[in-house]
Each structure stands twice: as structure tokens, then as C-alpha cells.
Number of protein chains: 2
Amino acid sequence: MRIQDVAKLADVSTATVSRALATPERVSPEARARVLEAIAKTGYVPNPAARSLRSQKTYMVLVVLPDLSNTFFSKILRGIEERLFEAGYGMIISDLDGSPEKEAHFAAFTAAGRVDGAILLNGHLFGQTREGEGMPAKIGIPLVALCEAIPSADIPQIEIDNRAAANRMTQHLASSGHRRIAYLSGPAGNVLEKERFLGYRDGLKAAGLPFDPALVLPGDYTIESGVKAGQDLVARSTRPTAVFCTSDEMAIGLMRTLLSAGLKVPEDISVAGFDDIEFAAVAEPALTTIHQPRRELGQMAAAVLIDLLQGRPSPKRIRLETELIIRDSVASPQNIEKAPAKSTRTRAIKPT
Amino acid sequence: MRIQDVAKLADVSTATVSRALATPERVSPEARARVLEAIAKTGYVPNPAARSLRSQKTYMVLVVLPDLSNTFFSKILRGIEERLFEAGYGMIISDLDGSPEKEAHFAAFTAAGRVDGAILLNGHLFGQTREGEGMPAKIGIPLVALCEAIPSADIPQIEIDNRAAANRMTQHLASSGHRRIAYLSGPAGNVLEKERFLGYRDGLKAAGLPFDPALVLPGDYTIESGVKAGQDLVARSTRPTAVFCTSDEMAIGLMRTLLSAGLKVPEDISVAGFDDIEFAAVAEPALTTIHQPRRELGQMAAAVLIDLLQGRPSPKRIRLETELIIRDSVASPQNIEKAPAKSTRTRAIKPT
């Protein structure tokens, strides 16, 4: 795809396309909009060599989020911003919200040198799918992947060991006596989901438990998908005794639905989460979960990007430690295979 | 304060100070840091007339937050970002985190023309206190205040009617039969806190209830301050029958502490919140609260700023509607003046 194709589609000169990318303030808003739309449609990627003619630094970093309204990101953003600020960089936010137009815009924005570097939390490079298909956009500036690793990309990856953490939680549930442990998944195709699912399978295997596809519930990390999974469980005649939810938001939504239906947590059904967001400790019951060091993840990604921007070497992969946080939402199963009963919140000491 | 003072303190030429503000990429990081530090110390504000010599637009908007890690802002930021994006503007985040150095930096950044406009969620202009004391920085670009109004500033204010909403909730608690209604406050000096406290007083008055200073508990809108207020209440021999928490985060923290101490919500004590964050509906019990249209507030602030940036007239004050959301955390008092009893979750229909 050439600049001529973009110009033709946008009904402007090639010079206008170049200007819209390099010095957008010299192009009318209407022409800019047409050029960006054409770039989005054609998948055109500006030549980074041409871009590098501009030597000016912007002291700005782009942070690409899949969903800015997800509270999981708040502490991560604070960690990124504080470290960038210390080094004299500002933070521009791109909230993709599933929009290909927005993604094309920010790819062009980045390639045009409007920022010095970018931190990607969306699990893929500009121009590629999550599966690594398609040609990555030639961005020409340092990139770092945070939380959602991009295994196919040769850029630093800052993450946790999602598989090991999910394995640990699954084994924790098994060691509490659970034999039918359900798994509430993240969105299909998400690398976090893939790794956590492998960890769940690892944990079942280590505990000598069979994998049952009927115990895998679809989710997407939101409260709403937790509520929905709860409705599914409530309607079942035979229920799992524990549910491993791969986000705290889903766990809190699921508990809400179970409690509303008269089921007790953890007496009738144990619930575990993932992330340790602020609301996990104050949920009722307080949520057993995996602690992610969110602020530190943000700080680390910013620090690695700053190293790259300032010409220092950086490690290719950094994994921060997680922690199993045991609170009140998991107990030994007391009513295996029975209908919900009015049990008291006394814990059985020995798993059955 | 003159540019000469800044130059002297930073040990650079006045030309370097000008460059550090107008074209920071032409100054070494070390010199930039010294200049910004000197600006922070001296309170120097660049001359907007000099700045306007640069006619280039940046198509960037600064969003100034008091605390990026507060989940309340997530949906507001999404609303701002989506509306800015539609109009071709990017969003730069400044997370003040109580730091005067950061504030001085972003004042200089803004005055230097690095952004076209700014949305202030921090309750004061650059260079002023929350009380409107001090000279506001001469920023020279359009500003909009969002959520926390800045009454002394002649800029558009996008907000809700905090006083009316707090009045409504207080009267709702009174009409449920409560006579001793505690108030869990926001941070001292915050304009939201001032308005909500006035609304609480209005509501007590309208219900014919006396104001009791012993029922005002200090808070700062965080979960932690809700937990702390809960510990205070648990330790009291005579407790209020209802607590109006001026943020949902505080209400959720407070409920956690009450429940852990063996008190039942709402049977022993009713709890109400403010904001209607995502976790309010799935709290246990589900939280009665005031709904704030957060995404719409963000969209509206961005739309008003875009009007200003594009030379269109804008209203000076916009108040979006709130809603009283009745869920399960408020009921009629059943055990007034008595120690907590094991009551069932049956609601009394008539207030006593």
C-alpha cells in the first residue's frame, strides 16, 4: 500500500497526506479526518525513514489500553505516569474500546512521530491481530508490552506469570478439598486467558483431578459477565463446589448473583478471584485472590521504555511476582452434590 | 516574578528558559529539569502573549486529575477521551497526586502551549488554592472545570447538583424512619464535600431532625477511610441507625467493617453511598446510592472544551441530573438504641 493510494482515497495530494501525519496542525480538520479514514481503510503505514527526518523529540509517551473504563488499569496508569513524570515525559492515553478506526488513528499518530515511545496494554502490535497475524505497522519508535504479553513481537514484555498463578490458585482450591472446580474465563483469544487456562489445567493435573469442559464458563473480565455466570450456576442442578474466576470483577459479580439466589459463599460454593483490586479485600465475603503488583507493573514498563528512549539496554522480559491472598471466600466443601442448605459459616478444618 | 529570576535560579540564560517552555526538545533534559524546578519555586508564569507567537495547534488536551488511582475517574476519562477523539484531539493525563512540583510542571507545560486546552478535575486553577487564594496562572488557553467546580474561576463548569443530591439522600434516610443519621465526609476544603455537607444539613432540617456534630465522621472518599469510620462506629456504645457515606468506596469499606464486627446491614445499621460506581450494584448488600452520570459528565466537559477551542460559544455552567438509586442497604431502623440483635432481613414496611 502506497501513499498515492491513501491520497487518492482521501481525495487530497500526497503532500497533504504527509503533512497530516507529520504536522497535522498545517492541515484542515476535514482533510485530516479524510486522510486518517483512508489510512484506516488502506492499512497504509508511513515510511519510518521519512519520519526520522524529523528529529524533534516530543517527550510524550502513548499508553494504549483496551478499555479505559476497566478499574483494573487505574493503579497501572498511576505507576506509568509517576515514573514517566520523573523522567520528564508526559502520558497520552489511547482507549481503543474495540474500534479499528481508533487503532488506525493511533497507529498513524505514533508513526507520525507525535510521541517518542508507546506502552501497549492491548495484547497486539498496531496492524496485527492478537494471534500475531498480519504485518505489524512500521512504527519506528520504542514499544513495550505490559500485562498482556505479545509473544511474537521483539519488544520488552513486562508481565506476571499468569500460568503459574492460575496453577497455584487451582491447587489451593483442590487442597481445600474441592473436586469440582469451575473456571470462569477471560475473553477468547486474550493471551492472559490462554495462560490462565493452561495454569488451571496444570493445577487440576497436579491435584489428580479430571478436566470437565462443562465446568468452563465463558467470561470477559467484567462484573456483568460474572453476574451472568452466576445465573448459569444457579440454574444448574449439579453445581461445582468452587469457582475460580480469572478476574476479581467477575468474582464479585458472581458472588452477588449466588448470594441473591440464597446460596452462601463459601459454605455452599467457594469463589476465588484474580488481580487483588481494591474492592477484593472489602467484598462480602472478602475475596481470596491472586495479588498483582499493578502500580509496580506500570512503573516497570515506564522504566524499561525510558531506558530504550535514552539508549540504554533493557531486558527482553520481566516477570513480577504475584501472591496468593487467602481471605474468606474459599472454604472446604461441606455439601458436595447436595442442594444448598442453611449452613453456618463455620469452617471445616479438614478437607473431605 | 520575571523570567530573569527563573533564569538566575536555574543558572541558565533567559533564552534557555524561553526555549524550555516553547520548544523543550531544543534544551537538554538537565537544563529543562532545572528550569521547571525554578519555575515551581518562583511561581513564574510565562507571558501568554509571547506564547501566542507560536500559532501551531497541538490537537492535544490536558486532563488534570487529583488521583488517577481512584476508580471513580475511569468512566469519566472514557467519556472525555471518546468525545475528544471524535473531534480529532488526543488526551494527555496529569495525575497531581498532591504534588506541588507536578502541578508547577503542568502549569508551565500548559502555559508553554504544549496543549490546546485543559479539563480540570482537581478543584482549583493552576497557581491558586482550592479556596481561590493566590493569583491564577496566566495559561492563555481554554479551560473547563469538571465535577469539582471552581466557583471563583470564569470558566465553564460541568457538574452535578451535589447539595440537592445529598439533601435528597438525607431525606430518603429520614423518611425510612431514621432519626440519628451519621454523615461520612469527604476531604476538608473539597468543594464537593462542602456542597454535600450543606445538602445533609438541608435534609436534616427538612425532616425536622437536629444536627449533631458527633454524627459527622471524617473521610476522604477512599475505601480505607470508610473502613476507619466503621471501626469508630463499632467502638461506640450508642450508634447512629444510618450512615450517609459521601462516596461509594467509603460505603463499601464501612459495610465491610460493620459486617466483620457482627453487625448486620441494613438490619442493625443502614448504609447509603454516593456516585453509583460499578461495584455499588454488586456489593453485599447492594448499595443504595446517588447515581452520577460519569461517562456523560466526561463527554459534556470535552464537548464544551471543543466548542471553546473551535471558537463557538459555550454555557458557563452545566449541571447534569443525578438519580436516587434504591437498593438493599437501607431499611427502617428496627433496633433503635439497642445492642445489635440477630434480626432477619425482612423489611418493616412502615417507618416508626
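From a predicted model like this one, the values you see are computed outputs, not experimental measurements.

Describe the overall build of chain A, and please don't skip the residues or the numbers.
Helix and strand content of chain A: 11 helices and 12 strands. Here chain A holds 352 residues, and the buried ones make up 59% of them. Sequence separation of 24 or more characterises 73% of the internal contacts of chain A that already satisfy a separation of 6 or more. When the accessible surface of chain A is totalled, it reaches about 14100 Å², and 53% of it is carbon and sulfur.

An account of helix α1 (residues 3–10) of chain A is needed here, citing residue identities and associated values.
Residue and element names in this part refer to chain A. Within α1, burial applies to I3, V6, A7 and A10. Seen end-on, α1 carries its buried residues on one side only, within an arc spanning 100°. D11 occupies a position one or two residues after α1 and carries a positive phi of about 60°.

Can you explain the relation of the copies chain A and chain B? Please cite residues and give values.
When chain A is brought onto chain B, the operation consists of a screw motion whose angular component is 180° and whose axial shift is 0.0 Å, with 0.1 Å RMSD remaining. In short, the pair behaves as if placed about a two-fold rotation axis. If distances are taken from each C-alpha of chain A to the rotation axis, the shortest is found for I92 of chain A, at 2.1 Å.

Tell me about the sheet that holds strand β5 (residues 157–160) of chain A, and name the residues and values.
Picture the strands of a sheet paired through backbone hydrogen bonds; they go either parallel or antiparallel. On the basis of which strands lie adjacent, the open sheet formed by 12 strands has the order β11(A)-β5(A)-β4(A)-β3(A)-β1(A)-β2(A)-β2(B)-β1(B)-β3(B)-β4(B)-β5(B)-β11(B) and mixed pairing. Strands at the two margins of the open sheet, each flanked by one partner only, are β11 (317–320) of chain A together with β11 (317–320) of chain B. Across this sheet, the average inter-strand angle for adjacent strands is 20°, counted without regard to direction. Two strands pair when backbone bridges link them, and strand β4 (residues 143–146) of chain A and β5 of chain A are joined in this way by two bridges, in the parallel orientation. Its bridge partner being in β5 of chain A, A145 of chain A is matched across the sheet by Q157 of chain A.

Now, about the packing of helix α9 (residues 223–235) of chain A against helix α10 (residues 248–260) of chain A: what can you tell me, with residues and values included?
What describes two packed helices is the angle between their axes and the distance between those same axes. All names here are of chain A. Running from amino to carboxyl end, α9 crosses α10 at an angle of 40°, the nearest separation of the two axes being 7 Å. The angle between α9 and α10 places the two elements in the oblique class. Of the two possible hands of crossing, α9 and α10 adopt the one that is right-handed. Facing α9, whose interface residues are I223, S225, G226, V227, A229, G230, Q231, L233 and V234, α10 presents E249, M250, G253, L254, T257 and L258. Of the residues belonging to the contact of α9 with α10, the class tally is eight nonpolar, six polar and one charged.

Provide a residue-level description of the sheet that holds strand β8 (residues 242–245) of chain A, including the pertinent values.
All names here are of chain A. Ordered in space as β7-β6-β8-β9, the four strands form an open sheet in which the pairing is parallel. Looking along the sheet, the strands with just one partner apiece sit at the ends: β7 (216–217) and β9 (270–272). As defined by bridge partners, strand β6 (residues 181–184) adjoins β8 across four bridges and the pair is classed as parallel. Residue Y183 lies in a different strand from β8, and its bridge partner there is F244. Its contacts with the sheet place helix α7 (residues 162–175) against β6, β8 and β9, and it is angled at close to 165° to β8. Across the sheet, helix α8 (residues 191–206) lies against β6, β7 and β8, angled at about 175° from β6, the strand it touches most.

Provide a residue-level description of the interface of chain A and chain B, including the pertinent values.
In this complex, chain A contributes 52 residues to the contact, which on the side of chain B involves 52 residues. Across the chain A to chain B interface the summed buried area is about 4300 Å²; carbon plus sulfur atoms make up 60%. Summed over the three residues of chain A that lose the most area to chain B, namely R78, R256 and F279 of chain A, the buried surface amounts to 16% of that side. The interface formed by chain A and chain B includes 10 salt bridges. Salt-bridge contacts for R78 of chain A lead to D97 of chain B; the nearest nitrogen and oxygen are separated by 3.2 Å. At the surface where chain A touches chain B, the tally comes to 18 residue pairs in polar contact (both at pLDDT 80 or more). Broken down by secondary-structure element, the contributors of at least two residues to the side of chain A that touches chain B are α3 (29–42), α5 (73–86), β2 (90–95), α6 (100–111), α9 and α10 of chain A. Among the elements that make up the side of chain A that touches chain B, the one with the highest residue count is α5 of chain A (seven residues). Looking at the side of chain A that touches chain B residue by residue, the classes come out as 25 nonpolar, nine polar and 18 charged. Relative to strand β2 (residues 90–95) of chain B, β2 of chain A is paired through three bridges, and the arrangement is antiparallel.

Go over the side chain of E278 of chain B, please, and point to the residues and values.
Note that E278 of chain B resides in the loop between β9 (270–272) and β10 (289–291). Here the side chain of E278 of chain B touches R294 of chain B through a polar contact of 2.8 Å, side chain to side chain. If near-sequence neighbours (up to four positions away) are discounted, E278 of chain B is found in contact with S69 and I223 of chain A together with S74, K75 and R294 of chain B.

Tell me about the pattern of salt bridges, and please be specific about residues and values.
The tally for this structure, following the rule as stated, stands at 34 salt bridges over all chains. Close ionic contact of E82 of chain A with R295 of chain A constitutes a salt bridge, the shortest N to O distance being 2.8 Å. With E82 of chain A in helix α5 and R295 of chain A in helix α11 (residues 294–309), the pair connects residues that are 213 residues apart, well separated along the chain. Classification of R295 of chain A by relative accessible area gives partly exposed; the value is 30%. Each of D67, D95 and D97 of chain A together with R78 of chain B takes part in one network of salt bridges that share partners.

So what about the pairing of strand β8 (residues 242–245) of chain B? Which residues, and what values?
Residues and elements named next belong to chain B. Here β8 shows a buried face lined by A242 and F244 and a second buried face lined by V243 and C245. Two elements, β8 and β9, share three bridges in a ladder whose sense is parallel. For V243, the partnering residue across the bridge sits in β9 and is V271. Running through helix α10 (residues 248–260), the crossover from β8 to the neighbouring parallel element β9 is right-handed.

Residues and numbers for the environment of L215 of chain B, please.
All names here are of chain B. Tracing the backbone through its elements, the reader meets L215 in the loop between α8 (191–206) and β7 (216–217). Spatially, the C-alpha atom of L215 lies 12 Å from that of R201, the residues being 14 residues apart in sequence. For L215, the contacting residues outside a window of four places in its chain are R180, I181, A182, Y183, Y200, R236 and P240.

Which residues make up the domain arrangement of chain A, and what are the values?
Residue and element names in this part refer to chain A. Considered domain by domain, chain A is made up of domain 1 (3–54), domain 2 (55–160 + 295–320) and domain 3 (162–293 + 322–349). Here the C-alpha centre of domain 3 lies 31 Å away from the C-alpha centre of domain 2. On the side of domain 3, 13 residues touch domain 2, which itself brings 16 residues to the contact. Carbon and sulfur atoms make up 53% of the area that domain 2 and domain 3 hide from each other, which totals about 1300 Å². Considering only the surface of domain 2 that becomes buried against domain 3, F72, E148 and I160 emerge as the three largest contributors, covering 39% of it. At the junction of domain 2 and domain 3, the tally comes to one salt bridge. Scanning the region where domain 2 abuts domain 3 turns up six residue pairs in polar contact (both at pLDDT 80 or more). Those elements that provide at least two residues to the side of domain 2 that touches domain 3 are α5 and α11. With three residues, α11 is the largest single contributor of residues to the side of domain 2 that touches domain 3. Per-class residue counts for the side of domain 2 that touches domain 3 are seven nonpolar, three polar and six charged.

Criteria and thresholds
- Residues numbered from 1 in each chain as written.
- Chains lettered and ligands numbered in written order.
- Predicted model: local features only at pLDDT ≥ 70, side-chain atom pairs only at ≥ 80, totals over all residues.
- Heavy atoms only, no water.
- Helix = DSSP H or I, 4+ residues; strand = E, 2+ residues; numbered from the N terminus.
- Buried < 20%, exposed > 50% of the residue type's maximum accessible area, 1.4 Å probe, protein only.
- Contact = heavy atoms within 4.5 Å.
- Areas by Shrake-Rupley, 256 points an atom, 1.4 Å probe, with all protein chains shown as cover.
- Arc of directions from axis to C-beta.
- Least-squares fit on C-alpha atoms with pLDDT ≥ 70 in both.
- Pairing = 2+ DSSP bridges.
- Axes fitted to C-alpha atoms, helices over the stretch in contact; angles between N-to-C directions.
- Parallel < 35°, antiparallel > 145°, perpendicular 65-115°, else oblique.
- Left-handed = near helix turned anticlockwise from the far one by under 90°.
- Nonpolar A, V, L, I, M, F, W, Y, C, P; charged D, E, K, R; others polar.
- Buried area = accessible area lost by both parts, 1.4 Å probe.
- Salt bridge = Lys/Arg side-chain N within 4 Å of Asp/Glu carboxyl O.
- Polar contact = N/O pair within 3.5 Å; in protein donor to acceptor, adjacent residues only side chain to side chain.
- Right-handed = clockwise from strand over helix to strand, strands pointing away.
- Domains from an automatic or database assignment.

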